[in-house]
Amino acid sequence: LEFPPRRQPGQLQQTILPATAALASLFVFALSVNLLPAALLRASSDLGVSPEALAVVSSLQFGAFFVAAAGSGILADRGGKKRIFIASCILMVIGAGMWAGTERLAHACAAAVFWGVAGGVFESMSSALLCDLFPRRRKLFMNLSQVLYSLGAVGGPWMAGLLLPRGTNWRFLFVGVGVCSGLLLLLYLGSHLPAPEAHERVTRKRLLAMMRTWSFFTPCLAIFLYVLSESTIVVYANLYLRRAHAAPENWAIYSIAFF
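Draft legend 1. Here's a closer look at the pattern of salt bridges. With the rule as written, the count across this model stands at 5 salt bridges. Asp46 is the partner of Arg171 in a salt bridge, and the nearest nitrogen-oxygen pair spans 3.2 Å. Of this pair, Arg171 sits in helix H7 (residues 170–189) while Asp46 sits in helix H2 (residues 40–47), placing them 125 residues apart in sequence. Ionic pairing is found between Arg171 and Glu103, a salt bridge with its closest N-O pair at 3.9 Å. Of this pair, Arg171 sits in helix H7 while Glu103 sits in the loop between helix H4 (81–101) and helix H5 (105–133), and the two are 68 residues apart along the sequence. For Arg171, a relative accessible area of 10% corresponds to the buried category. One continuous salt-bridge network, built from bridges that share partners, spans Asp46, Glu103 and Arg171.

Set out below in structure tokens:
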């Protein structure tokens, strides 16, 4: 028996959908990072815990983010980028459902870990995917990816500042992130992400050699200091302005978007 040749994926599956999904991943990641600080006071009151205790959940999310960002590239080399992205979308959806239904601090911690793992993949692997898709236009698409991140970082708190003072339940904001993650999952399901070439895969020898160079640690240190200052301001800005300066709820939340 002769079978017809397997249809090759077109430009839509090879370029347009993957690029759209990669950029949208940065948008969803930014929403997941900045939503808890925006809803911190409302959520802590609903869960019966102090805002400071709930703010620690952000540390768990960043810890899970670090582990995923460090290991997702190696896993993608072994299992393929598409599987990693699909799994991350599912984790983000599950985490959103857990946030929407949480009644205890322990549930919030578990949801934050799921979001941290998914965010670590989105932030690191999306940038790598864009570089793979557009090797001659990497600077443009790396900058564009940060534009999409900024849209999520501004849009999430801004929506929270608009809706929460008007009586919207803070849980619905997390449901919105889950819906965005579901749409993102559809984009990845329709995308064709080729496996990396043998010479592109990360090996222990190449990784150790790279880690010994100062040119590797310099940007790592810069990113560490940037995230340290950013996360401190974002997580506590709402709480500080409300308690120390009696700021209106909407403007205390808007401060995150302004930052």
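Draft legend 2. Here's a closer look at the environment of Leu41. Its place among the elements puts Leu41 in helix H2. Judged by its relative accessible area of 23%, Leu41 is partly exposed. As a C-alpha pair, Leu41 and Trp251 span 210 residues in sequence and 13 Å in three-dimensional space. Those residues in contact with Leu41 that lie beyond four places of it in its chain are Pro51, Asn238, Leu239 and Arg242.

Draft legend 3. Spotlight on the confidence of the model for the protein. Per-residue confidence for the protein averages 91 on the pLDDT scale, and 93% of its residues sit at or above 70. The spread of mean pLDDT over the elements of the protein runs between helix H8 (residues 204–211), the lowest at 79, and H7, the highest at 97.

Draft legend 4. Inspection of the side chain of Glu230 at higher detail. Mapped onto the secondary structure, Glu230 falls in helix H9 (residues 214–245). An unpaired buried charge is present at Glu230: no salt bridge exists, and Arg242, the closest side chain of opposite charge, is 22 Å distant.

Draft legend 5. Layout of the packing of H5 against helix H6 (residues 138–163). As a packed pair, H5 and H6 sit with axes 9 Å apart at the nearest point and diverge in direction by 150°. On the basis of the axis angle, H5 is roughly antiparallel to H6. The interaxial crossing formed by H5 with H6 has right-handed handedness. Contacts between H5 and H6 involve Ser127, Leu130 and Cys131 on the former and, on the latter, Arg138, Phe141, Met142 and Ser145. Considered class by class, the residues forming the contact of H5 with H6 number 4 nonpolar, 2 polar and 1 charged.

Draft legend 6. Spatial organisation of the nonpolar core. The biggest cluster of nonpolar side chains holds 60 residues, and the ones touching the most others in it are Leu54, Phe85, Trp99, Trp115, Phe122 and Tyr188. The leading source of residues in this core is helix H1 (residues 11–38), at 13 residues.

What counts as what
Residues numbered from 1 in each chain as written. Predicted model: local features only at pLDDT ≥ 70, side-chain atom pairs only at ≥ 80, totals over all residues. Heavy atoms only, no water. Salt bridge = Lys/Arg side-chain N within 4 Å of Asp/Glu carboxyl O. Helix = DSSP H or I, 4+ residues; strand = E, 2+ residues; numbered from the N terminus. Buried < 20%, exposed > 50% of the residue type's maximum accessible area, 1.4 Å probe, protein only. Contact = heavy atoms within 4.5 Å. pLDDT = per-residue confidence, 0-100. Lys, Arg positive; Asp, Glu negative; His and termini not counted. Axes fitted to C-alpha atoms, helices over the stretch in contact; angles between N-to-C directions. Parallel < 35°, antiparallel > 145°, perpendicular 65-115°, else oblique. Left-handed = near helix turned anticlockwise from the far one by under 90°. Nonpolar A, V, L, I, M, F, W, Y, C, P; charged D, E, K, R; others polar. Core = buried A, V, L, I, M, F, W, Y, C linked by side-chain atoms within 4.5 Å.

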